[in-house]
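What follows is each chain in one-letter form.
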Amino acid sequence: MFGILGKSLSTGVVTENYPATLPEISSRARGKPEIDWANWRDARPATAICPTGAISFQDANGQRTAQINLSKCIFCGLCAEVDKAIRITNIRECAARRREDLVTGASYSLKPDGSHEKMISPPAIQRSGDSTIQNNEPLETLGQQIKSRADKIFGRSLHIRQVDAGSCNGCEVEIVNLNSPVYDIERFGIHFVASPRHADMLLVTGPVTRNMELALKKTYDAMPDPRLVVAVGACGCSGGIFGQNYATCGGVDSVISVDVYVPGCPPNPHALLHGILLAMGRIPPKH
Amino acid sequence: MNVLPEMLPALDDLKKRFADRFDAVHLPRANEIYIHAKMDLVAGFTAYLYHRWQARLVSLFADDARESSGAFHLYYVFALDAAGGFIILRVPVAADKPEFASLTNAIPAVSWQEREVQDLFGLKLIGHPNPHRCALHDDWPEVFPLRKDFDLRTKLPPFQGERHKFRTVEGEGVFHVPVGPVHAGIIEPGHFLFSVAGEPVLYLQLRLFYTHKGTEKLFENLPVQHCVRLAESISGDSSFAHATAFCHAIERAANVEAPPRAKFLRSICLELERLYNHIADIGAICTDVAFVTANMHCMRLKERVLRVNESLTGNRLLRGMACPGGVRFDFDAEQIKSLSQLVAELRPEFDSIVQIIDGSSSTLDRLETTGVLKPQVARDFGVVGIAGRASGFDHDLRRDFPHAAYDQVKVCVPVYQAGDVKHRMQIRIDEVRESFSLIEQFLAKLPDGEVRVEVGELPADATALGYVEGWRGEIFHWIRTAPGNRLARCKVKDPSLQNWPVLSEAIQGNIIPDFPVVNKSFNLSYSGTDR
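Reading the values: the criteria
Residues numbered from 1 in each chain as written. Chains lettered and ligands numbered in written order. Predicted model: local features only at pLDDT ≥ 70, side-chain atom pairs only at ≥ 80, totals over all residues. Helix = DSSP H or I, 4+ residues; strand = E, 2+ residues; numbered from the N terminus. Rg over C-alpha atoms; globule rule 2.2 N^0.38 Å. Buried ≥ 20, exposed ≤ 12 C-beta atoms within 10 Å, placed from the backbone. Contact = placed C-beta atoms within 7 Å. Domains from an automatic or database assignment. Nonpolar A, V, L, I, M, F, W, Y, C, P; charged D, E, K, R; others polar. Core = buried A, V, L, I, M, F, W, Y, C linked by C-beta atoms within 7 Å. Pairing = 2+ DSSP bridges. Axes fitted to C-alpha atoms, helices over the stretch in contact; angles between N-to-C directions. Expected span 1.5 Å × (residues − 1).

Below, the discussion takes up the overall build of chain B. Looking only at helices and strands, chain B has 19 helices and 15 strands in total. Relative to the 2.2 N^0.38 estimate, which gives 24 Å for 531 residues, the radius of gyration of chain B is 23 Å and therefore close to what a compact globule would have. Each of the three principal axes of chain B carries a C-alpha extent, and together these read 70 × 65 × 50 Å. When burial is assessed residue by residue, chain B has 55% of its 531 residues classed as buried. Restricting the contact set of chain B to residue pairs at least 6 apart, pairs at least 24 apart contribute 68%.

Think of interface size as the accessible area that goes away when the parts come together; that is how it is often given. All names here are of chain A. One can read the domain layout of chain A as domain 1 (33-125) and domain 2 (137-280). Between domain 1 and domain 2, the C-alpha centre-to-centre distance is 27 Å. With 16 residues of domain 1 in contact, the opposing surface of domain 2 contributes 20 residues. For the side of domain 1 that touches domain 2, the per-class residue count stands at nine nonpolar, two polar and five charged.

Residues and elements named next belong to chain B. Domain boundaries in chain B define domain 1 (5-126) and domain 2 (215-530). Taken over C-alpha atoms, the centre of domain 1 sits 27 Å from the centre of domain 2. If you look at the interface, domain 1 gives 16 residues, while domain 2 gives 18 residues. For the side of domain 1 that touches domain 2, the elements supplying multiple residues, two or more each, are strand E3 (56-65) and helix H4 (111-121). For the side of domain 1 that touches domain 2, the element with the most residues is E3, which contributes five residues. Residue classes in the side of domain 1 that touches domain 2 are distributed as seven nonpolar, four polar and five charged.

Time to look at the nonpolar core. Counting 242 residues, the largest nonpolar core has Val-204, Val-230 and Ala-231 of chain A together with Phe-78 and Ile-250 of chain B as its most contacted members. In terms of residue count, helix H8 (residues 260-288) of chain B provides more of this core than any other element does, 15 residues in total. For Val-230 of chain A, the contacting residues outside a window of four places in its chain are Met-201, Leu-203, Asp-259, Val-260, Val-262, Gly-275, Ile-276 and Ala-279 of chain A.

Turning our attention to the environment of Cys-265 of chain A. By the secondary structure assignment, Cys-265 of chain A is in the loop between strand E13 (260-262) and helix H9 (269-280). Among the residues examined, Cys-265 of chain A registers 29 C-beta atoms within 10 Å and is labelled buried. Excluding residues within four positions of it along the chain, Cys-265 of chain A makes contact with Ile-74, Phe-75, Gly-170, Gly-233, Ala-234 and Gly-240 of chain A together with Arg-319 of chain B.

With that out of the way, let us pick up the pairing of strand E14 (residues 474-482) of chain B. Look at any regular strand and the pattern is simple: side chains alternate between the two faces of the sheet. All names here are of chain B. When you tally the buried positions in E14, you get eight out of nine residues, the bulk of the element. Where strand E13 (residues 463-469) meets E14, seven bridges bridge the pair, whose relative direction is antiparallel. Bridging across to E14, Thr-463 finds its partner in Arg-480. Between E13 and E14, which pair antiparallel and follow one another directly, the connecting turn spans four residues, one of which, Gly-473, has a positive phi of 155 degrees. Inspection of the sheet shows E14 paired to strand E15 (residues 486-493) by seven bridges, in the antiparallel sense. Along E15, the bridge assignment pairs Ala-482 with Arg-486. Where E14 hands over to E15, the hairpin turn is made up of three residues, of which Gly-484 adopts a positive phi near 80 degrees.

To continue, consider the packing of helix H7 (residues 239-254) of chain B against H8 of chain B. Where H7 of chain B meets H8 of chain B, the axes come as close as 8 Å, and the angle between the chain directions of the two elements is 145 degrees. Contact residues: H7 of chain B offers Phe-240, Ala-241 and Thr-244 of chain B, while H8 of chain B offers Arg-266, Cys-269, Leu-270 and Glu-273 of chain B.

A few words on the sheet that holds strand E1 (residues 22-29) of chain B. For sheets, the rule is that strands pair by backbone hydrogen bonds, running either parallel or antiparallel. Residue and element names in this part refer to chain B. Spatially, five strands are ordered E1-E2-E5-E4-E3 in an open sheet, and the strand pairing comes out mixed. Here the strands that pair on one side only, and so sit at the sheet edges, are E1 and E3. For this sheet the average axis-to-axis angle between neighbouring strands, irrespective of direction, equals 20 degrees. Examined bridge by bridge, strand E2 (residues 32-37) and strand E5 (residues 85-94) share five bridges and lie parallel to one another. Opposite His-36, over in E5, you have Arg-90 as the bridge partner. Across the sheet, H4 is in contact with E3 and strand E4 (71-80); its angle to E3 comes to roughly 10 degrees.

Below, the discussion takes up the interface of chain A and chain B. Taken residue by residue, the interface counts 50 residues in chain A and 48 residues in chain B. Of all the secondary-structure elements, those providing two or more residues to the side of chain A that touches chain B are helix H1 (2-11), strand E7 (158-164), helix H6 (170-177) and helix H7 (210-221) of chain A. The element contributing the most residues to the side of chain A that touches chain B is H6 of chain A, with seven residues. Tallied by class, the residues present in the side of chain A that touches chain B amount to 25 nonpolar, 19 polar and six charged.

For an α-helix, the turn length of 3.6 residues means that residues three or four places apart are oriented alike. Residue and element names in this part refer to chain A. Taking 1.5 Å of rise per residue, twelve residues should cover 16 Å, and H7 covers 18 Å from first to last C-alpha, within 8% of that figure. Looking only at H7, the buried set comprises Arg-210, Asn-211, Met-212, Ala-215, Leu-216, Thr-219 and Tyr-220. Along its buried surface, H7 packs onto E7, strand E9 (201-205), strand E10 (208-209) and strand E12 (248-250).

Turning our attention to the pairing of E3 of chain B. Residues and elements named next belong to chain B. Burial of E3 is extensive: ten of the ten residues sit out of reach of the surface. Of the pairings in the sheet, the one linking E3 to E4 comprises nine bridges and is antiparallel in character. Residue Leu-57 lies in a different strand from E4, and its bridge partner there is Phe-78.

This part is about the sheet that holds strand E9 (residues 191-197) of chain B. Residues and elements named next belong to chain B. A sheet is described by the order of its strands in space; here three strands give the open sequence E8-E9-E10, paired in antiparallel fashion. Strand pairing shows two members of the sheet lacking a second neighbour, strand E8 (174-179) and strand E10 (201-207), which therefore form its edges. Neighbour-to-neighbour, the strand axes of this sheet turn through a mean angle of 15 degrees, independent of strand direction. Relative to E9, E8 is paired through six bridges, and the arrangement is antiparallel. Of the residues in E9, the one forming a bridge with Phe-175 is Val-196.

Structure follows, in structure tokens:
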């Protein structure tokens with residue numbers, strides 16, 4: 001008994017103050033790749049080496065549209081090895097409210113040898129159907145109002161139910177760490193609960209397998225409204241390296257609607273916290 | 001290729017005894033012998049190897065070779081631990097008569113693997129005591145995903161009908177407790193059906209494969225350079241071990257050897273993976289018997305290891321480090337210093353935590369004699385890794401089949417006979433200390449030089465077995481290559497697949513509230529099993 005107390009006292013407080021103070025991160029840590037869009041000359045090598053198809057391009061009418069999709073990226077850094085215009089940063093907090101917000105692309109004029117040159121349109125988030133969003137402006141505003149009301153409800157304390165819908169358990173290793181004394185997620189009033197009926201948020205990992213599809217839907221249905229869903233990891237955001245196949249449905253949003261996407265393979269505890277706090281409205285979204 | 005001298009007596013003996021029934025013998029590598037024969041030889045050959053040469057059947061799988069040889073092939077991989085080599089028996093299964101004889105009655109250890117072959121290849125099992133579906137759930141349509149004529153991207157219609165057909169357990173006062181697939185904690189999905197009379201568990205039925213992701217099929221569809229990243233996603237907590245086993249198979253198929261420094265760095269990373277998982281498990285076992293303080297200390301140490309992992313390899317789970325032909329990143333002087341520092345700091349910290357656990361009689365009381373796996377049962381089920389060693393099964397690939405740089409050090413393998421939760425934890429405690437010592441030895445002997453050699457294009461139709469002792473137990477990757485630097489088959493054998501069925505044995509007679517701690521003491525990977 002005294003031994004236990006003595007050990008705790010001599011250890012002291014190990015909890016971080018994230019996000020108020022940002023922790024020191026190893027310069028070797030691999031985070032999101034950054035492309036020097038203006039000087040990018042050829043998207044082909046990076047596209048070929050990317051194991052998940054996060055970097056891709058399309059050629060049409062003498063133009064090339066090349067893009068990077070963070071929802072698929074596993075931060076392996078292979079693209080930076082073959083392309084000088086790509087740099088691997090150590091930024092891991094990339095969570096976004098919309099999957100399209102994780103896709104950035106630019107257009108170039110295509111050269112006969114297959115490389116590209118002059119940038120025609122600068123890097124931009126690749127939102128699909130921008131015109132329809134404009135037409136539905138009032139609906140969008142209404143959505144925002146509901147969102148901010150929900151943020152108020154969730155902004156104080158939050159109960160999370162975690163569901164592994166098919167992950168490799170890499171994301172679970174990091175989610176478990178949120179309960180460690182170093183990250184101590186309970187200091188935000190956030191608590192992992194055993195039942196979806198007690199939960200405000202569903203934290204879902206994995207490409208949703210066909211075998212977990214029904215269980216995920218039922219878990220979601222068992223939650224009381226209002227509820228949040230956070231998709232975790234490259235697989236949760238997009239299906240990752242598995243994509244869609246005979247045994248998987250793809251990302252979490254192919255089965256239930258998702259409020260926040262947390263890229264990474266696996267996202268580290270800071271990235272997870274960032275995503276959860278973003279969903280709660282305790283971190284303002286970038287866009 | 002010259003055969004490993006230790007393997008010669010066994011090979012000569014087998015030739016003498018069965019020569020007229022062998023179709024061919026191939027010796028692609030010193031410790032990997034292929035014998036081609038007919039199906040009717042399997043039972044006798046297996047029995048002889050088991051009794052005469054103390055072999056173990058470590059992997060059983062199929063390969064759809066109808067295109068090249070007009071038949072399916074079944075492979076039986078035997079490990080001869082004392083000799084340090086593998087004998088791989090290959091038998092054809094005719095495409096027009098897709099069935100094979102079960103070995104499960106003689107060797108219960110292969111039950112799930114045989115059923116998996118039946119599910120994924122549509123080869124009917126003859127004589128299996130429980131020939132029901134295993135890898136595919138009962139509500140799946142009649143499809144055989146690992147056959148070549150099945151497309152990976154097939155979109156199956158919504159599943160109808162009952163998901164699982166359970167065996168009935170009846171009797172006065174018997175009731176059932178279904179648990180999962182979504183569990184109460186932050187763990188992977190699986191379904192457990194407890195049949196209980198009063199408090200003690202009479203019978204536990206496991207239904208896994210909820211996280212079946214078509215991984216083995218996907219290997220056949222990806223270019224080889226992408227497959228390493230897929231291997232990292234077989235079981236996240238064993239990312240490096242799986243990726244290294246895969247690279248080992250690739251290197252053996254290409255007849256390339258990783259440079260010495262790369263082998264040392266691989267070994268160091270394998271030990272780091274062992275460290276963070278073992279430390280986390282020790283803490284989690286304590287949590288499951290309500291001694292949370294110990295877990296908090298363990299999680300603190302685990303975090304320390306994960307951060308060093310990140311400073312060494314760029315990823316906390318060591319992802320992105322493995323590559324065929326060596327490793328991707330070298331360690332500089334500063335990184336090596338941080339690694340020595342980690343060991344120096346962790347050693348006393350770890351000892352003090354073990355002291356706290358050992359000083360808590362209420363914790364030990366819950367762990368001792370709980371979830372006992374008897375050595376005889378463990379042997380019958382071929383239980384491997386930490387769970388096997390806690391039940392008297394004295395095997396460790398690091399010592400018996402030295403891979404990476406394990407031939408450069410002496411690996412002490414702890415073995416206990418008790419087989420309870422306490423001793424599965426004790427194995428981890430001993431292995432953590434051994435890992436500290438191994439990392440120091442590797443650092444002391446770390447050679448200079450390259451960390452990666454070019455592997456080049458793989459020869460077509462080559463087969464190779466890669467293996468690694470991961471923290472959980474032995475991992476095997478068997479590959480057959482296809483033209484154009486692709487794979488025709490990649491069989492992944494995670495130790496979890498071998499160990500899961502025995503959980504039903506270990507829990508019998510225990511009470512349901514002890515199930516979490518018993519399960520945690522095995523800590524098997526669902527994803528590694530389901531793939």
